[in-house]
Amino acid sequence: MQTTIRHWMTALALASTLMTPAAARAAGSDLVVFDWAGYELPEFHPKYTEKHGDAPTFTFFGDEDEAFEKMRSGFKADLAHPCSQSVVKWRDAGLLQPLDTSRITAWKDLNPGIMKMKNLATSEDGTAWFMPWDWGNSQLTYNSEKVNEKDIQSLKSLADPKFQGRVSIPDNVDDAYALASLVIGLKDWTQMTDEQFKQASDFLRQVHKNVRLYWTDTTNIVQALTGGEIDLAWAWNDATAQSVLAGSPIKAKPDTQEGISTWVCGYVRLKDAPGNADQAYDYLNAINEPDVANVLVKDWGYGQANAKGMAAVDAKLLKDKGYDDVDKFVDKTLFQSPVPTELKQKMIAEFEKIKAGY
């Protein structure tokens, strides 16, 4: 998709965040989806629109902590799109209601490896709370015409003085500390000690010296990469996919010495959802359609949690995007699993200091 179009879509997304749920429903579908900007693409839910004659109404958040605070303050929607590191936090705060898996036609087709992740799709008592849908990585991303690959064999290159003013990392505490955890050799950040937290924070302070901008969404980072504003980034798969579609020489390097960070995102039903439950399940079934996997893989570089959907994707495309060997794909990875609340609060507070130059 052209950058100008995505920029226009993001502008609409930001405008929609100012709408009240009642005003949003008056403007479109009765179903309100609280989501990341970009996921409103019609290609993700064609069966829903075909059935209901209109797309859902989307309202957007910049990161999951922002979404969490907004919902705790009384914001109402029907479905939301958190990722693996936030599901338990949202559930424990009483923001979610259980899923009726009998109404999700592809539930049994969801990737077994993802479904085995502890305390993610289901709680320990077997209750389902989260439908995994998209999954991918945060990885080193670079302009292949300006950066020599031999200079970026390690994630530590993000702090190399030679890249001063040419670096971008997410304005997102989870991705930032996933990066820093990998650099200090930590693959399970749930076990981070005070000393390791200090080491990780010190690395982010080194990176800060090189940062030209902290990117906030896909449009933001793609524009920075394709426009030559930055040459090296810690970014999601879609940054590379969208930049390549725009004709730019942007590449990903998932095989650094330290590896990558892997996350799984999906959908939840919010407690006291004001809309129609039938529409909510129609939407969950629509995005789980196997054909949607082609869109996720080709245009976004993400995998679909529906294993049947991924099996139907062209083998060459899967290989090009790195999904032909899932075991290899997640080798040397830090899974962004939920971290203890106290540690997460420390991360949030420290990251704000780092970005402010302290």
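Computed from a predicted structure; not experimentally measured. (Residues numbered from 1 in each chain as written. Predicted model: local features only at pLDDT ≥ 70, side-chain atom pairs only at ≥ 80, totals over all residues. Heavy atoms only, no water.)

1. What to know about the confidence of the model for the protein
Here's step 1: Predicted confidence across the protein gives a mean pLDDT of 89, with 91% of residues reaching 70 or more.
Here's step 2: Here residues 1–28 is modelled with pLDDT under 50, and outside its nearest four sequence neighbours on either side it reaches 38 contacts, counting other chains as well. (pLDDT = per-residue confidence, 0-100. Contact = heavy atoms within 4.5 Å.)

2. Topic: the pairing of strand β5 (residues 131–143)
Here's step 1: For β5, the tally of buried residues reaches 13 of 13 residues, placing the bulk of the element in the interior.
Here's step 2: Sheet topology note: the β5/strand β10 (residues 260–270) ladder contains seven bridges and is antiparallel. In the sheet register, S138 faces β10, and the bridge partner there is S261.
Here's step 3: Pairing of β5 with strand β11 (residues 303–304), which is carried by two bridges, proceeds in the antiparallel orientation. (Buried < 20%, exposed > 50% of the residue type's maximum accessible area, 1.4 Å probe, protein only. Helix = DSSP H or I, 4+ residues; strand = E, 2+ residues; numbered from the N terminus. Pairing = 2+ DSSP bridges.)

3. Comments concerning the layout of surface pockets
Here's step 1: Quantified by volume, the largest pocket comes out at close to 870 Å³.
Here's step 2: For the lining of the largest pocket, the secondary-structure elements that each account for two or more residues are β5, α10 (237–245), β9 (250–253), α12 (290–300), α14 (315–321) and α15 (326–329).
Here's step 3: Ranked by residue count, the leading element in the lining of the largest pocket is α10, at five residues. (1 Å grid on protein atoms, 1.4 Å probe; cavity = no way out; pocket = protein on both sides within 12 Å on 5 of 7 lines; lining within 4 Å. Points joined across faces, edges and corners; volume = space filled by probe spheres on them.)

4. Let's talk about unusual backbone geometry
Here's step 1: A positive phi is found at N119, a non-glycine position, where the angle reads about 60 degrees.
Here's step 2: Inspection of the secondary structure assignment puts N119 in the loop between α6 (112–115) and β5.
Here's step 3: Exposure remark for N119: the relative accessible area of 23% places this residue in the partly exposed category.
Here's step 4: A positive phi is found at D272, a non-glycine position, where the angle reads about 60 degrees.
Here's step 5: The topology assignment puts D272 in the loop between β10 and α11 (277–287).

5. Regarding the environment of T216
Here's step 1: Within the secondary structure, T216 is located in the loop between β7 (211–215) and α9 (218–226).
Here's step 2: Residues T216 and I169, 47 residues apart in the sequence, show an inter-C-alpha distance of 9.0 Å.
Here's step 3: Residues within four places of T216 in sequence aside, it is in contact with G62 and D171.

6. Digging into the packing of aromatic side chains
Here's step 1: Applying the stated rule across the entire model yields 21 aromatic pairs.
Here's step 2: Considering the side-chain rings of W135 and Y323, the 5.2 Å spacing of their centres and the 90 degrees angle between planes classify their relative orientation as edge-to-face. Taken together, the residues span a long stretch of sequence, with W135 in strand β5 and Y323 in the loop between α14 and α15 at a distance of 188 residues.
Here's step 3: We classify W135 as buried; its relative accessible area is 5%.
Here's step 4: Consider the rings of Y267 and Y283, whose centres lie 5.9 Å apart with planes at 75 degrees: the pair is edge-to-face. Of this pair, Y267 sits in strand β10 while Y283 sits in helix α11, and the two are 16 residues apart along the sequence. The pair formed by Y267 and Y283 is uniform in burial state, with each residue classed as buried.
Here's step 5: We note K70 situated over the ring of F75; from NZ or CZ to the ring centre the distance is 4.5 Å.
Here's step 6: Across from the ring centre of F68, 4.4 Å away, lies the NZ or CZ of K89, which sits over that ring. (Phe/Tyr/Trp six-rings, centres within 6.5 Å; stacked < 30°, edge-to-face > 60°. Lys NZ or Arg CZ within 6 Å of the ring centre and 35° of its normal.)

7. Comments concerning the packing of helix α7 (residues 173–183) against helix α16 (residues 341–355)
Here's step 1: Two numbers describe how α7 lies on α16: the axes approach to 10 Å, and their chain directions differ by 90 degrees. The orientation of α7 with respect to α16, classified from their angle, is roughly perpendicular. Of the residues in α16, those in contact with V173, D174, A176 and Y177 of α7 are K344, M347, I348, E350, F351 and I354.
Here's step 2: Of the residues assigned to the contact of α7 with α16, the class counts are seven nonpolar, no polar and three charged. (Axes fitted to C-alpha atoms, helices over the stretch in contact; angles between N-to-C directions. Parallel < 35°, antiparallel > 145°, perpendicular 65-115°, else oblique. Nonpolar A, V, L, I, M, F, W, Y, C, P; charged D, E, K, R; others polar.)

8. Some words on the pattern of salt bridges
Here's step 1: One pass over the full model with this rule turns up 22 salt bridges.
Here's step 2: Linking E69 and R72 is a salt bridge whose minimum nitrogen-to-oxygen distance equals 3.4 Å. Of this pair, E69 and R72 both sit in helix α4 (residues 64–72), three residues apart, which is roughly one turn of the helix.
Here's step 3: Judged by its relative accessible area of 40%, E69 is partly exposed. (Salt bridge = Lys/Arg side-chain N within 4 Å of Asp/Glu carboxyl O.)

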